[in-house]
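Given next are the chains, with one letter for each unit.
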Amino acid sequence: MLSLVRSNVVDLPTNLSLSYFWCGGFMISAFLVLQVLSGVVLSLLYVADSGLSFGCVLALNDESIFVWLVRYMHIWGVTFIFVLFIIHMGRALYYTSYSKLGVWNVGFVLDLVMMVEAFLGYILPWHQMSYWAATVLTSILNSVPLIGGVLYKFVVGGFSVTNVTLVRVFSAHVCLAFVILGLSVVHLFYLHLGGSNNPLFVSGGYSDVVLFHSLFTNKDGFVLVCLMWCCCLFLMLSPDFVLDVESYIQADPLVTPVSIKPEWYFLAFYAMLRSIESKVGGLVLVLLFLFVLWVPAFNKSCSYSVGRQYVFWSIFSIFLLLSYLGACHPEYPYVLVSKLASVVIVFLLALFKCFWVVGGVDGWKNLWCK
């Protein structure tokens, strides 16, 4: 066991040129561990009941300073994880790390599972926004051809979001946390199997190597300490900054909020969903975006290509625009701009990943190791 840890952490040969952008994986792993530990504590205090859950969650604030800290650390931990996820995946796109298929495929699945996990956790407090966000997003399942009705009843547990849904959500939320930890280990396995990418695009990634310890352990440790200080600063100065006003109103099926929106990390996808009048059309648009984001490609051109940089930063800017539009009321001109931005971002992403493609038959060799 010690030799396994030593070979994968201490004596791992690592490219000397790796910058701080390559610290993202360790940061995400560290925050995932904090999320699991804080989630275990909260799960012991949580009651999965539509009549009691809201009061139970609010009562955690008055339980003790320790429970208060655990709850808000859990809330802020999700925000930091998704900020790190965006940076981590943005770096992978910018430096064409998606050509390493084993790492990319597992990482992409991990990202999807993390989004599902975050959405399930958002439902658990059973406040107005979480209830109606669950109602709106689960209703999309009804739009799936042929199996939509059956799929909706299986997920929701009835004809609408009820106490049965809450119990299922709580169980799934707890179970998925350990699935995420398992996928993280698999992701790390493929990373060490094929080697990491690097900003200099050195073939194989092992030219001018140093051992992971102590250069990169100190580098990762420094970034982790800085992020933890930022997290504690936000937690102490403005703990409710990432919470919606509706978070302090108990769920009421008879009162619909003026504007229903999910958490900030889902806003871009939410803008895509509602930009199309048909629910099926919005779902297809989001799935198309995810497919283009995932699709394997082998790019010869590096990040130093000026045209490629223009395309990348255009994609990033449009993603931020969609996140803003997702928080706006669904009316003209926001819906129209969302529709145009959604089409453009899919086109630019396809251009970014497929225009600079090389490889042919040789490029598809050793898919899971390169």
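In the annotation of an unreviewed UniProt entry, the protein chain is listed under the name Cytochrome b and assigned to Paramphistomum cervi. The annotation that UniProt attaches to the protein chain under Sequence similarities (unreviewed entry) is "Belongs to the cytochrome b family." Taken from UniProt, the Function (unreviewed entry) comment for the protein chain reads in full: "Component of the ubiquinol-cytochrome c reductase complex (complex III or cytochrome b-c1 complex) that is part of the mitochondrial respiratory chain. The b-c1 complex mediates electron transfer from ubiquinol to cytochrome c. Contributes to the generation of a proton gradient across the mitochondrial membrane that is then used for ATP synthesis."

### Topic: the domain arrangement of the protein chain
Taken domain by domain, the protein chain consists of domain 1 (18-198 + 211-256) and domain 2 (261-369). The distance between the C-alpha centroids of domain 1 and domain 2 comes to 22 Å. Contacts between domain 1 and domain 2 engage 35 residues on the former and 32 residues on the latter. Note on domain 1 versus domain 2: buried area summed over both sides is about 3200 Å², and carbon and sulfur give 72% of it. Area buried by domain 1 at its contact with domain 2 is led by Tyr94, Tyr98 and Leu101, which between them contribute 21% of it. Our count for the contact surface shared by domain 1 and domain 2 stands at one salt bridge. One salt bridge connects Lys261 with Asp244, and the closest N-O pair in it is separated by 3.1 Å. Inspection of the region where domain 1 meets domain 2 yields four residue pairs in polar contact (both at pLDDT 80 or more). Elements supplying a minimum of two residues to the side of domain 1 that touches domain 2: α4 (65-94), α5 (101-123), α6 (128-139) and α8 (163-194).

### Some words on unusual backbone geometry
Here His213 and Ser214 are connected by a cis peptide whose omega angle stands at 20 degrees. Inspection of the secondary structure puts Ser214 in helix α9 (residues 212-237). The omega torsion across Tyr332 and Pro333 is 5 degrees, close enough to zero to call that bond cis. Residue placement: Pro333 occurs in the loop between α12 (306-327) and α13 (334-354). One non-glycine residue, Thr96, adopts positive backbone phi at about 55 degrees. Checked against the element boundaries, Thr96 lands in the loop between α4 and α5.

### Notes on the packing of helix α7 (residues 148-156) against α8
Orientation of α7 relative to α8, taken along the N-to-C sense of each, is 75 degrees, at an axis distance of 8 Å. Accordingly, the angle class assigned to the pair α7 and α8 is roughly perpendicular. Every residue of α8 that contacts α7 at Lys153, Phe154, Val155 and Val156 is listed here: Val164, Thr165 and Arg168. Residue classes in the contact of α7 with α8 are distributed as four nonpolar, one polar and two charged.

### Points about α6
The end-to-end C-alpha separation of α6 is 17 Å, in line with the 16 Å expected for 12 residues at 1.5 Å each. Gln128, Met129, Ser130, Tyr131, Trp132, Ala133, Ala134, Thr138 and Ser139 are the residues of α6 that are buried. The elements touched by buried residues of α6 are α5, α7 and α11 (279-294).

### Considering the packing of helix α10 (residues 267-275) against α13
Between α10 and α13, whose axes approach to 8 Å, the crossing angle comes to 110 degrees. In terms of orientation, α10 lies roughly perpendicular with respect to α13. Contacts from Ala271, Met272, Arg274 and Ser275 of α10 reach α13 at Val335, Ser338, Lys339, Ser342 and Ile345. Looking at the contact of α10 with α13 residue by residue, the class counts come to four nonpolar, three polar and two charged.

### Looking at the state of the cysteines
When the sulfur atoms of two cysteines share a covalent bond, that bond is a disulfide. Scanning the entire structure with this criterion turns up zero disulfides. There is no disulfide at Cys56, and the cysteine sulfur nearest it, in Cys175, is 19 Å away. Judged by its relative accessible area of 13%, Cys56 is buried.

Each value, and the rule that gives it
Residues numbered from 1 in each chain as written. Predicted model: local features only at pLDDT ≥ 70, side-chain atom pairs only at ≥ 80, totals over all residues. Heavy atoms only, no water. UniProt positions renumbered as here; feature names shortened; annotations may be inferred. Domains from an automatic or database assignment. Contact = heavy atoms within 4.5 Å. Buried area = accessible area lost by both parts, 1.4 Å probe. Salt bridge = Lys/Arg side-chain N within 4 Å of Asp/Glu carboxyl O. Polar contact = N/O pair within 3.5 Å; in protein donor to acceptor, adjacent residues only side chain to side chain. Helix = DSSP H or I, 4+ residues; strand = E, 2+ residues; numbered from the N terminus. Axes fitted to C-alpha atoms, helices over the stretch in contact; angles between N-to-C directions. Parallel < 35°, antiparallel > 145°, perpendicular 65-115°, else oblique. Nonpolar A, V, L, I, M, F, W, Y, C, P; charged D, E, K, R; others polar. Expected span 1.5 Å × (residues − 1). Buried < 20%, exposed > 50% of the residue type's maximum accessible area, 1.4 Å probe, protein only. Disulfide = S-S within 2.5 Å.

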